[in-house]
Amino acid sequence: MRKALAGLLFVPAVASAEFMSGNNLLSDMNGSNMRQMLAIGYVMGVTDVFTTVTVCPPNGITSGQVHDTIKKHLEDNPSIRHFTADSLIRNKLEAIWPCSRGRGA
């Protein structure tokens, strides 16, 4: 029963995560503890998708560092926040941690 109830808590978050803008993501990053945790999860999920494909972060990087990097990027660039959050995350991480030839794409 508890597992079913816990699963229901995440259904709205998953359904709305398909099309999240940079504005939505920044709002979550500055929101309640639950919204902040969802934002970290979203950022790390997108990061994981592209890691070793087009993004090669240095060893030892933490989820907090990735989150802080993306949050600062969104705060510093309000003119691009209407784009999808996944594309903003990907573009920023590819710019700072591109994969070299022979490693990833």
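Since the model is a prediction, treat every value here as computed from it, not as a measurement.

Basis of the calculations
- Residues numbered from 1 in each chain as written.
- Predicted model: local features only at pLDDT ≥ 70, side-chain atom pairs only at ≥ 80, totals over all residues.
- Heavy atoms only, no water.
- Helix = DSSP H or I, 4+ residues; strand = E, 2+ residues; numbered from the N terminus.
- Buried < 20%, exposed > 50% of the residue type's maximum accessible area, 1.4 Å probe, protein only.
- Contact = heavy atoms within 4.5 Å.
- pLDDT = per-residue confidence, 0-100.
- Disulfide = S-S within 2.5 Å.
- Axes fitted to C-alpha atoms, helices over the stretch in contact; angles between N-to-C directions.
- Parallel < 35°, antiparallel > 145°, perpendicular 65-115°, else oblique.
- Core = buried A, V, L, I, M, F, W, Y, C linked by side-chain atoms within 4.5 Å.

Secondary-structure assignment places H73 in helix α4 (residues 63-76). In this structure H73 comes out as buried when scored by relative accessible area, which is 16%. The contact partners of H73, leaving out residues within four places of it in the chain, are I80, L88 and K92.

So, about the confidence of the model for the protein chain. With 78% of its residues at a pLDDT of 70 or more, the protein chain shows a mean pLDDT of 85. Confidence drops under pLDDT 50 across residues 4-9; counting only partners more than four residues distant or on other chains, this segment forms 0 contacts. Ignoring residues within four places in sequence, the model shows residues 13-17, a span with pLDDT below 50, making 2 contacts including any to other chains.

Below, the discussion takes up the state of the cysteines. Going through the model one piece at a time under the given rule, you end up with 1 disulfide. A sulfur-sulfur separation of 1.9 Å characterises the disulfide bridge that pairs C56 with C99. The sign of the S-S torsion, about 90°, decides the handedness of the disulfide formed by C56 and C99: right-handed. With C56 in the loop between α3 (33-50) and α4 and C99 in the segment after α5 (85-96), the pair connects residues that are 43 residues apart, well separated along the chain. Assessed through its relative accessible area of 7%, C56 is described here as buried.

For the rest of this paragraph, the subject is the side chain of H67. Here H67 shows up in helix α4. Leave out the neighbours within four places in its chain, and H67 touches M29, I40 and V43.

Take unusual backbone geometry next. One non-glycine residue, T52, lies in the positive phi region at around 70°. Relative to the assigned elements, T52 resides in the loop between α3 and α4. Of the residues examined, T52 reaches a relative accessible area of 49% and is grouped as partly exposed.

For the pair helix α2 (residues 22-29) and α3, interaxial distance at closest approach is 7 Å and the crossing angle is 130°. As far as their axial angle goes, α3 and α2 are oblique. Residue-level contacts link L25, D28 and M29 of α2 to R35, Q36, A39, Y42 and V43 of α3.

Before going further, it helps to spend a moment on the nonpolar core. The biggest cluster of nonpolar side chains holds 18 residues, and the ones touching the most others in it are L25, M29, I70 and I89. Among the elements of the structure, α2, α3, α4 and α5 are those that each provide at least two residues to this core. Ignoring any residue separated from it by four or fewer positions in sequence, one finds M29 in contact with Q36, A39, V43, H67, I70, K71 and L74.

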